[in-house]
Amino acid sequence: MASGKREKFDNPVVEWIDSRLPVFTLMQKEYGVFPTPKNFNYFWNFGAIAMVMLVTMIITGVVLAMQYTAHADLAFESVQRIMRDVNYGWMLRYLHMNGASFFFIAVYIHIFRGMYYGSYKQPRELLWILGVLIFLLMMATAFLGYTLPWSQMGGWGATVITNLFSAIPGIGDTLVTFLWGGFSVDNPTLKRFFALHFLLPFVIFAVVFLHVWALHITGSNNPLGVEPKTKKDTIPFHPYYTVKDTFGLLVFLMLYVLVSFFLPYIFAHPDHFVEYNPMQTPAHIVPEWYFLPFYAILRAITFDIGIPFTDIVFIEAKLGGVLAMFGAVGVLFILPWLDTHPVRSARFRPLYRLSLIALVAAVFGLGYVGAQAAEGIWVILGQLLTGYYFLFFFVIVPVLSRIEKATPVPESINAAVLEKKKKKA
Amino acid sequence: MKNTAIIIFVSVLMLGAIVQSDKSLAAGGHETHMENLEWSFDGPFGTYDRGALQRGLQVYRQVCSACHSMKHMYYRNIGALGYNEAQVKAIASEYMVEDGPDDEGEMFSRPGKPSDRFVSPFPNRKAATYANNGAFPPDLSLITKARAGGADYVYSILTGYEHAPKDAHLLDGQYWNKAMAGNVIAMAPPLADGMIAYEDGTAETVEQYSRDVAHFLTWAAAPDMEERKRIGIMTLLFLAVFASIMYAVKRKVWSDLKK
Ligand code: HEM
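Visitor: I'd like a description of helix 9 (residues 187-218) of chain A, backed by residues and values.
Guide: Here helix 9 of chain A spans 47 Å end to end across 32 residues, near enough to the 46 Å set by a 1.5 Å rise per residue. Looking one or two places after helix 9 of chain A, you find A:Gly219, whose phi comes out positive at around 80°.

Spelled out as structure tokens, the structure:
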């Protein structure tokens, strides 16, 4: 485990520590002089922003947990106590509640960045896979957290989503009983959800560590998708990107503060402020906004899948919806092998670029459909958009990998940067 | 610059889509009508109007509290409406609270104290439902958060009673209300002109009562609002200054690459 060559520090205390545990050398290497492509745009801020949001969620969450009571009879009341009687409890809750939304905003932009600039391609496949894993864990954490205030929407959302597992043939019902810890969403469910909601963010933290480790092995991608070749292509991380990331982070935090303090309920459904009542189903059960596209995909499969014109059914509609929903996230895991085009950045792939922008539009469309009652035009629209979603991954991307002719890719990052400057002058 | 534009565009689109989808959730049911009033607590600098809050509390105490609980409220909370300690004590003591057990193990009734919760009109949900023809009068402590429209919605319900159209089938104890989802509500019109005597000379009309009680209920659901906005402004100012400085620093640091 010796960390190879180590330069001496002037400060004796720092040197004493570093010669025993080279944390300063590590920071210096990974965040000080770390060679970073010099052509990042602001899309490259969102990794650091997501990290700050994760830490914010953990801090506000741990403090909330000191006052929160995980019991079906007391949870709603305890959240009200936090809002009314705990010093600055309302602030903690609004920051935690809206923090989840802003965490997802940052991560969605971060994922889009990866897809637009081909960051998932060789040699960053594992880095990408770890990222998708973080995304999945975040979804699980947010879903579990949303049930904790024991509200109508939280409790019924939990009922709907856990019930999905009953579609799994054979073990479905047993599995659901196991998840619930009983025969309905009740006190045991709440208590295990709280335990897991407390645990998972720390698991995320561990995976983020691996994600960043993998990043520091391959180095960052960049808007050109061209690997740095010489020293001229890179600049040290500090001070260039430390200041740029800080500026971007502050702008993002301003939006986060704006919403948390002035529009704190903008993302919340009114039924989230009514205590859970298992005897009374709300008129519409809708998940939080960040799940809506996937919820729309779940509801798009309204038909059994089997051999047409016979009674033979392979996959019933409910199971089909569940598979489609998980498949929509799962497909991201294999994206590096679906897209084998040698050029990374969409800047040089006009057809891929167009299809990807259409995918973003489809996801927004699905989000809108997910918030509507599943009837009439919304069902059909949801099915069309779901169709495009999977068409993109399973047909368009593999086909474009073979046939798309890229526009000329610059020689090196430095050459492109100089070229741009010349044009400006 | 182009990418910055894309980021801004995508974020605006995202926020827009979210807000839009939230709005569409609020709809549902039949044609409903919601008033859109101006409130002193609107906007980033808006505050509650202490006079309206005190009148609203009076409306709640004299009318709504006959059917609706406010179980997340304590009498001590109304100090925030501008009452002094003695006044809070006096108001609390107008209610009888069950306490105990005493030294002999008996439960007993005593006048309320500021540390007591608002006394509920019914012992439990079943009793409340039974006494109201099978309809449960919801707890009002969070009602402006629990209904899309908030204060506007409460006002619209209270002023939304109308003669039912001829083809409507109303059961006993049901009323036609243009703000209610489905237009049928099981709450008899609770307010009437002149019903509550205001001491400050404010108009004693259904509209004014409704406005005041909606104002009060908004405060009850979000007593943190004034402090929240104050802290929010300060935090935003701080971040704006900090971000401007960082922007200048960033320009400076990056300028040696521009050569
Ligand atoms: C990945 C990070 C996290 C995410 C995405 C997340 C998400 C959420 C969400 C969406 C809620 C519901 C908020 C509401 O509607 O009121 C919630 C509630 C809660 N979370 Fe988290 N959370 C995270 C981390 C944590 C951590 C680390 C803890 C504690 C160690 C925690 C403790 C709580 C508690 C006690 C509640 C219930 C109180 C409340 O609803 O405000 N959370 N969380």
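This is not the end of the story, as more comes after the structure.
Visitor: So what about a nonpolar patch on the surface? Which residues, and what values?
Guide: A surface patch of nonpolar side chains, about 670 Å² in accessible area, is lined by A:Ile334, A:Trp337, A:Leu391, A:Phe394, A:Val395, A:Val399 and A:Ile403. Among the elements that line the nonpolar patch, the one with the most residues is helix 15 (residues 377-403) of chain A, at five residues.

Visitor: Go over the pattern of salt bridges, please, and point to the residues and values.
Guide: This model, assessed by the stated rule, comprises 19 salt bridges over all chains. In this structure, A:Arg6 engages A:Asp18 in a salt bridge whose closest nitrogen and oxygen atoms are separated by 2.6 Å. Here A:Arg6, found in the segment before helix 1 (12-20), pairs with A:Asp18, found in helix 1; they are twelve residues apart in sequence, far enough to count as distant. Close ionic contact of B:Glu94 with B:Arg61 constitutes a salt bridge, the shortest N to O distance being 3.0 Å. Here the residue B:Glu94 occupies a position in the loop between helix 3 (85-93) and strand 1 (96-99), and B:Arg61 occupies one in helix 2 (residues 50-62), the gap between them amounting to 33 residues. Judged by its relative accessible area of 24%, B:Arg61 is partly exposed. The network of salt bridges with common partners includes A:Lys121, A:Asp339, A:Arg349 and A:Glu404.

Visitor: Talk me through the packing of aromatic side chains; I want residue IDs and the actual numbers.
Guide: In total, this model carries 55 aromatic pairs over all chains according to the counting rule given. Ring geometry for A:Phe43 versus A:Phe112: centroids 5.8 Å apart, planes at 55°, classification tilted. Of this pair, A:Phe43 sits in the loop between strand 1 (35-37) and helix 3 (46-65) while A:Phe112 sits in helix 5 (residues 89-116), placing them 69 residues apart in sequence. On the basis of relative accessibility, which here comes to 3%, the residue A:Phe43 falls in the buried class. Linked through ring pairs, A:Phe46, A:Phe102, A:Phe104, A:Tyr108, A:Phe135, A:Phe252, A:Tyr256, A:Phe267, A:Trp289, A:Tyr290, A:Phe291 and A:Phe294 together constitute an aromatic cluster. Geometry around A:Trp44 places A:Arg113 over its ring, the cationic atom sitting 4.8 Å from the centre. The side chain of B:Arg76 reaches across the aromatic face of B:Tyr74, ending 4.2 Å from its centre.

Visitor: Summarise the packing of helix 6 (residues 125-147) of chain A against helix 7 (residues 152-163) of chain A; cite the residues concerned and give the values.
Guide: When two helices pack together, their arrangement is given by the angle between the helix axes and the distance between those axes. Residues and elements named next belong to chain A. For the pair helix 6 and helix 7, interaxial distance at closest approach is 7 Å and the crossing angle is 135°. When the interaxial angle is binned, helix 6 and helix 7 end up oblique. Across the interface between the two elements, Phe143, Tyr146 and Thr147 of helix 6 pack against Met153, Gly154, Gly157, Ala158, Ile161 and Thr162 of helix 7. The residue makeup of the contact of helix 6 with helix 7, split by class, is five nonpolar, four polar and no charged.

Criteria and cut-off values
- Residues numbered from 1 in each chain as written.
- Chains lettered and ligands numbered in written order.
- Predicted model: local features only at pLDDT ≥ 70, side-chain atom pairs only at ≥ 80, totals over all residues.
- Heavy atoms only, no water.
- Helix = DSSP H or I, 4+ residues; strand = E, 2+ residues; numbered from the N terminus.
- Expected span 1.5 Å × (residues − 1).
- Patch = residues over 30% accessible without salt bridge, like charges linked within 9 Å, V, L, I, M, F, W, Y side chains within 5 Å.
- Areas by Shrake-Rupley, 256 points an atom, 1.4 Å probe, with all protein chains shown as cover.
- Salt bridge = Lys/Arg side-chain N within 4 Å of Asp/Glu carboxyl O.
- Buried < 20%, exposed > 50% of the residue type's maximum accessible area, 1.4 Å probe, protein only.
- Phe/Tyr/Trp six-rings, centres within 6.5 Å; stacked < 30°, edge-to-face > 60°.
- Lys NZ or Arg CZ within 6 Å of the ring centre and 35° of its normal.
- Axes fitted to C-alpha atoms, helices over the stretch in contact; angles between N-to-C directions.
- Parallel < 35°, antiparallel > 145°, perpendicular 65-115°, else oblique.
- Contact = heavy atoms within 4.5 Å.
- Nonpolar A, V, L, I, M, F, W, Y, C, P; charged D, E, K, R; others polar.

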